[in-house]
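Residue-level listing of the chains:
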Amino acid sequence: MSTYTQIIYQIVFSTKDRIPCMSKDTREEVYKYIVGILKNKKCHPFQINGVEDHIHILTKIHPTIAPAFLIKDIKINSNGVIKNKKLFPDFPGWQDGYGAFTYSNNALPNLIQYVQNQERHHKTISFKEELMALLAEHGIEYDEKYLF
């Protein structure tokens, strides 16, 4: 029998120390680079977006790829491109951890819209509030002192 999966991930991570350094005019170049990484790993990117201090990646991950290894590759390689091309002059690197949340296929249209609307969304909610809401929505226990 072949392998069949339908696992959609929303991956979220921020800049180190949540430094708001990702300027809007060069973020798209980073997103395109990450799309290339995903496609090279046989993953299907649905949407990538973010704001000055964090990024959301909405993707279907190929069943042979472990999410931790994929995220590590995305962070290491995009960090190199950002620094080599000087896309964000004050970029300190990515945070050590990440959030990875799974969804059903039915949630995909709303998730795409949610990720597309990050700029508008973060006019009313901080990244900390957003992350805590995602953790609560998925029933993930956490100690707030380790989040930020």
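None of the values given here were measured: they were computed from a predicted structure.

So, how was this worked out
Residues numbered from 1 in each chain as written. Predicted model: local features only at pLDDT ≥ 70, side-chain atom pairs only at ≥ 80, totals over all residues. Heavy atoms only, no water. Buried < 20%, exposed > 50% of the residue type's maximum accessible area, 1.4 Å probe, protein only. Helix = DSSP H or I, 4+ residues; strand = E, 2+ residues; numbered from the N terminus. Arc of directions from axis to C-beta. Contact = heavy atoms within 4.5 Å. Pairing = 2+ DSSP bridges. Axes fitted to C-alpha atoms, helices over the stretch in contact; angles between N-to-C directions. Phe/Tyr/Trp six-rings, centres within 6.5 Å; stacked < 30°, edge-to-face > 60°. Lys NZ or Arg CZ within 6 Å of the ring centre and 35° of its normal.

**Regarding helix 5 (residues 127–137)**
Turn by turn, an α-helix covers 3.6 residues, leaving residues three or four places apart pointing in a common direction. Those residues of helix 5 lying buried are Phe127, Glu130, Leu131, Leu134 and Leu135. Around the axis of helix 5, the buried residues are gathered within 135° of arc, so they sit on the same side. Exposed residues lying more than 90 degrees from the buried face of helix 5 are Ala136 and Glu137. On the buried face of helix 5, the contacting elements are strand 1 (8–14), strand 3 (54–60), strand 4 (99–103), helix 3 (108–116) and helix 4 (118–121). A positive phi of about 65° marks Gly139, the residue just after helix 5.

**Regarding the sheet that holds strand 4**
Spatially, the 4 strands line up as an open sheet ordered 2-3-1-4, and their pairing is antiparallel. At either end of the open sheet lies a strand with only one pairing partner, and these are strand 2 (44–51) and strand 4. In this sheet, adjacent strand axes meet at a mean angle of 15° when their direction is disregarded. Of the strand pairs in this sheet, strand 2 and strand 3 are connected by 7 bridges, and their pairing is antiparallel. Across the sheet, residue His44 finds its bridge partner in strand 3, namely Lys60. Sitting on the sheet, helix 5 touches strand 1, strand 3 and strand 4, and the angle it makes with strand 4 is about 45°.

**Overview of the packing of aromatic side chains**
For the structure on display, the rule yields 3 aromatic pairs. Geometrically, the ring pair formed by Phe88 and Phe91 is tilted, given 6.2 Å between the ring centres and 55° between the ring planes. Comparing Phe88 with Phe91 shows no difference in burial state: the two are buried. Exposure remark for Phe91: the relative accessible area of 6% places this residue in the buried category. Clustering of aromatic rings is evident, with ring pairs tying together Phe13, Phe88, Phe91 and Trp94. Against the face of Phe13 rests Lys75, its NZ or CZ located 5.1 Å from the ring centre.

Keep in mind these values describe shape, not function.
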